[in-house]
Structure formats: C-alpha cells, structure tokens
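Tertiary structure, described
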Amino acid sequence: MALHDPAAPMVRDGDSRKKPFYRTLWGQVLIGVALGVVLGYLRPATGIAMKPFGDAFIRVISMIITLVIFCTIVTGIAGMGDLKKVGRVGGKALLYFEVVSTVALLMGLVVGNLVQTGAGFNANPATLDAKAVANYAGAAKAQTVTDFLMHIIPTTVFDAFTRGDILEVVFISVLFGLAMSVMGKRVKPLMDVIEALTQAVFGVVNIVMKFAPIGAFGAMAFTIGQYGLKSLGPLAKLVSAVWITSILFVLVVLGAICWASGFGIIRFLAYIKEEIVLCLTLSSSEPALPTLMEKMETLGCSKALVGLVVPTGYTFNTDGSSIYMTLAALFVAQATNIHLSLGQQLTIFAVAVLTSKGASGVQGAAFIALVGTLMVIPSIPVAGMALILGVDRFMSMARATTNMIGNGVATVVVARWEGELDRVTLRERLGLPFALATAPMEPAAAQRKAS
C-alpha cells in the first residue's frame, strides 16, 4: 500500500509552491548538489572523502528496495483477483519495453555513425590499461539467452533478497502473489501482515529520503573531486553525444508516446522532478524506485500494475543504457581505428538487445554489460573501454535518469491501455488546470462527473 491513496484529493501545484524552495526535497537536493560541486572543485581531496555519504544513502535505499517490490507486487496481485489481468498487463509491458528499448539502441547506433565520436582519437590498444577495465567490470562475459533466462530463477528464495537482484525478486513476488490470489480468504491473515509491512516499509522510505540532500552532496563532491571537470575535455564529444541523444530521446520519443497517451512529457517530468535530481546526482536509478512507485500509485495507476511494470522495467526497459551501449561501442571501435561493417554493427545491436536487459539501476551496470557485448566482436579491443572509464560516471548520470523516466512513462502508458486512467484525470493530477484539458471526456471521466 502506498502512503498516498490514489483516490485522495491531490495537492495542487499552487499549494505546493507556497512552500519555500529550500524546504522542498528537490530544492534541498539541488542545494546539496551545488555545495558538492563547489567543494569537489575547490578541494578535490576533501570532495573525494565525501564519497561515503553518497554510498551510504544508496545502500540504505537498496537495502529496502527488495521489500518494497515484494510487498507491492504480492498485495497488488493477490488483491486484484483477476489473474488474466496480471498476464495481460505483464504481456503489454514487456512488448512496450522491447519496442522502446530497441528504438533507443537504434538511436545510439545512428548517432554513433553520424557524429563519429571516436574519429581522430587514434588510440593504440596495446598501450591501454586492460587491467583497469577488468577490475571495474569484474567477471563480465557474453551472456546467452539461456544464461539470461536461468538468471531470472534464484538459487533459493532468500538468495534473491540477500543479493538484491530485482528481476529475481519480481519472479518470486509474482509467484507468491498468484498463489495467494488463488487461495483467497485462507491467506487473509498473511495478507494483513504484508499490508502492514508495506506501510512500515514506505514509512522507512520517507525517513531515509530526508537524508537525500546529504547523499547527493557526498556523491557530487566525490564525482567532481575524483574526476574533475577537466577530464571531460578529451572525451567531450562522446559525453555530449550521450547527453544530447538521451535528452532528445526523452523529449521526442517519450514525448510522442506521452502525447499519444493524452499527457505531456514536460508536465510529467515536473511531476517526478525529485526522482530526476536523485538519479542525476547519484548516477543510479535504484534510489528513485520506491518514491517513483509511490508517485505512480498517487497518479492513479493500480498497485498491482505499478508493482509489475516499474520493477520489471528496471531490468527490461533500460532506454538510457541502450543509447549509451551502442554509442560507446562505436566510439571504442572508431577511437582504435577499427572499421565495423554493417553486419558487425548489426551483431553489436542484436547482442546489446540482450545484454542491455542486465543493465539495471546499479552504478556502472551498463559499462559492465557493454564489456560483455564487445566480447562478441573479437576485432574490437575490450581494452578500449579504458578510454571512457574516467568519464563513465558523467554518462551514468544521463543513462540512469533516462532509464528512470522511461519506466515512469511506461507505467502511465500501460495504465492508460488498461483503462485505469482517463485523460482528464491524468492531466488534472499532473497539475494541468482542468480548464485546459480540452480533450473529449472519456467514459470513465464522464461516469465520474455524472455521479
């Protein structure tokens, strides 16, 4: 159960603006970011020492994410009472994820060929630090379809929770939710316990989020202190390409999807501004997951739909990571003067369709997935990834934020397909004045007005 009842009156934008900027969460986070940038720039060593603040915040959020997902999915599915809807929602979500993430991969591939971000770099693979790549990427390896499918199933129930693997937790949660739905009243006492646990977990989330400005300060101070703005110089073309392509993807591709679904992308971005600032600062989309789920429920999406779409999307709908992977793969090839044929580029694209699915929330996950992708094309030196290791954090900000925004949009779109949200209500709750919602009233809205 979310902390806010979707049926409860919404706080209008005008009311929220009465709160001073410095007392809002996103305002405090922005202040923390600004202070972190100043400290990291003026005193790099001190900025680097602030890293534990950011890491601690991410770890605390990661600690409760599995409980948030489990409680939300189980209570949502069990309370839905319609197993056909569960399958229908899951099928629609996976279809949406595959189409949109494929478009993101194609955008990265096209931009990489047009902009030629690695052209003129003339890097010698023999002089690159392959060991640094291996240390960062760990045991990255090419992943087959069988490996991916087997990875969904945890060794034990508790193993998925202790390792914090989102996809495995979703798998277990769906099974439990389906079982409890079938058993009905016999498991009502257990349902009550899980409902109470859900409220407690979201209570913990509210407490932890009060420390978000400190986490943002520590993360940004470390990033600027460790890498410095000067490190962007030689690779500014690549970093700019990733950022600009991600912004265009959000505004154009996701914007078109939002428009077709009856709401505007700008209003939606304003609605999730706290989550955007968190992702940008922490270079990870996981810290924003609990509050994003809560906001989607407040918007009017059902608990079961939110529980299915958002966590699953964190694995299957990694739009920002997809853009980065094809762009960065072409950069490494171009920087080391490796000519890739159309067939080789299509091979990278096909492999990235699979490997990008493992690039969820965690910092650096897309980098690791890209290492596994490049292993499929022997002519591309994996050691070339050392070229972008120093600026990966700056690109991680863009891909994590794009991933999170994409999953928020996906949730609303699937909810619209399911008839859970009508256009007028959606625009109203996103803050658009009712008088401007000029679209014809849909059946759900008409029935509500008549009553």
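The following refers to the structure shown. (Residues numbered from 1 in each chain as written. Predicted model: local features only at pLDDT ≥ 70, side-chain atom pairs only at ≥ 80, totals over all residues. Heavy atoms only, no water.)

**Considering the overall build of the chain**
On a plain count of helices and strands, the chain comes out with 23 helices and zero strands. Looking at the 451 residues of the chain, the share that counts as buried comes to 55%. Summed over all atoms, the accessible surface of the chain reaches about 19300 Å², with 68% contributed by carbon and sulfur. (Helix = DSSP H or I, 4+ residues; strand = E, 2+ residues; numbered from the N terminus. Buried < 20%, exposed > 50% of the residue type's maximum accessible area, 1.4 Å probe, protein only. Areas by Shrake-Rupley, 256 points an atom, 1.4 Å probe, with all protein chains shown as cover.)

**Observations regarding the pattern of salt bridges**
Within this structure, the stated rule accounts for eight salt bridges. Of the charged contacts in the structure, one is a salt bridge between Lys51 and Asp55, with a shortest N-O distance of 2.6 Å. With Lys51 and Asp55 both in helix H4 (residues 51-80) and four residues apart, the pair spans about one turn of that helix. For Glu195, the salt bridge is made with Lys303, and the minimal N-O distance between the two is 3.5 Å. With Glu195 in helix H10 (residues 188-209) and Lys303 in helix H16 (residues 303-316), this pair connects stretches of sequence that are 108 residues apart. Accessibility assignment for this pair places Glu195 and Lys303 in one class, buried. Through salt bridges with shared partners, a single ionic network connects Arg88, Lys92 and Glu418. (Salt bridge = Lys/Arg side-chain N within 4 Å of Asp/Glu carboxyl O.)

**A few points about the nonpolar core**
Of all hydrophobic cores here, the largest spans 121 residues; its most connected members are Leu254, Tyr324 and Val409. For this core, the element with the most residues is helix H21 (residues 392-417), which contributes twelve residues. Among all residues touching Leu254, those that are not within four sequence positions of it are Tyr96, Val100, Phe249, Ile265, Asp319, Ile405, Gly406 and Val409. The next biggest cluster of nonpolar side chains, apart from the first, holds eight residues, and it includes Val74, Ala78, Met191 and Ile194. (Core = buried A, V, L, I, M, F, W, Y, C linked by side-chain atoms within 4.5 Å. Contact = heavy atoms within 4.5 Å.)

**Quick look at the side chain of Thr291**
By the secondary structure assignment, Thr291 is in helix H15 (residues 289-299). Given a relative accessible area of 10%, Thr291 falls into the buried group. Discounting chain neighbours no more than four positions away, the residues touching Thr291 are Val205, Met209 and Glu275.

**Regarding the packing of helix H12 (residues 236-260) against H21**
In the contact formed by H12 and H21, the axes pass within 9 Å of each other and the chain directions differ by 10°. When the axis of H12 is compared with that of H21, the two are roughly parallel. Between H12 and H21, the contacting residues are Leu238, Val239, Val242, Trp243, Ser246, Phe249, Val250, Leu254, Ile257 and Cys258 on the first element and Phe394, Met395, Met397, Ala398, Thr402, Ile405, Gly406, Val409 and Val413 on the second. When the residues that make up the contact of H12 with H21 are grouped by side-chain class, the tally is 16 nonpolar, three polar and no charged. (Axes fitted to C-alpha atoms, helices over the stretch in contact; angles between N-to-C directions. Parallel < 35°, antiparallel > 145°, perpendicular 65-115°, else oblique. Nonpolar A, V, L, I, M, F, W, Y, C, P; charged D, E, K, R; others polar.)

**Focus on the environment of Asp159**
Structurally, Asp159 can be placed in helix H8 (residues 157-163). Under the relative-accessibility criterion, Asp159 is labelled buried at 18%. Remark: the alpha-carbon pair of Asp159 and Val169, spanning ten residues in sequence, is separated by 9.3 Å.

**Focus: the packing of helix H9 (residues 166-183) against H16**
Two elements in contact, H9 and H16, have axes whose closest approach is 9 Å; the angle formed by their N-to-C orientations is 145°. Every pair of crossing elements has a handedness; the one defined by H9 and H16 is left-handed. Across the interface between the two elements, Ile166, Leu167, Val170 and Val174 of H9 pack against Leu308, Pro311, Thr312, Tyr314, Thr315 and Phe316 of H16. Among the residues forming the contact of H9 with H16, the class breakdown is eight nonpolar, two polar and no charged. (Left-handed = near helix turned anticlockwise from the far one by under 90°.)

**Thoughts on a nonpolar patch on the surface**
Taken together, the side chains of Ile244, Ile247, Leu248, Leu251, Val252 and Ile266 make up a nonpolar region of the molecular surface, amounting to roughly 560 Å² of accessible area. Structurally, the position occupied by Leu248 is in helix H12. For Leu248, a relative accessible area of 43% corresponds to the partly exposed category. (Patch = residues over 30% accessible without salt bridge, like charges linked within 9 Å, V, L, I, M, F, W, Y side chains within 5 Å.)

**Notes on helix H2 (residues 25-42)**
Between its first and last C-alpha, H2 extends 26 Å over 18 residues, near the 26 Å set by a 1.5 Å rise per residue. Among the residues making up H2, those that are buried are Gly27, Val29, Gly32, Val33, Gly36, Leu39 and Gly40. Where H2 is buried, its residues meet helix H3 (44-49), helix H11 (212-227) and helix H14 (273-282). (Expected span 1.5 Å × (residues − 1).)

**Regarding H10**
Spanning 22 residues, H10 covers 31 Å between terminal C-alpha atoms, matching the ideal 32 Å at 1.5 Å per step. Among the residues making up H10, those that are buried are Met191, Ile194, Glu195, Thr198, Val201, Phe202, Val205, Val208 and Met209. One side of H10 holds all its buried residues, which, seen down the axis, span an arc of 140°. Turned more than 90 degrees away from the buried face of H10 sit Pro189, Val193 and Ile207, all of them exposed. (Arc of directions from axis to C-beta.)

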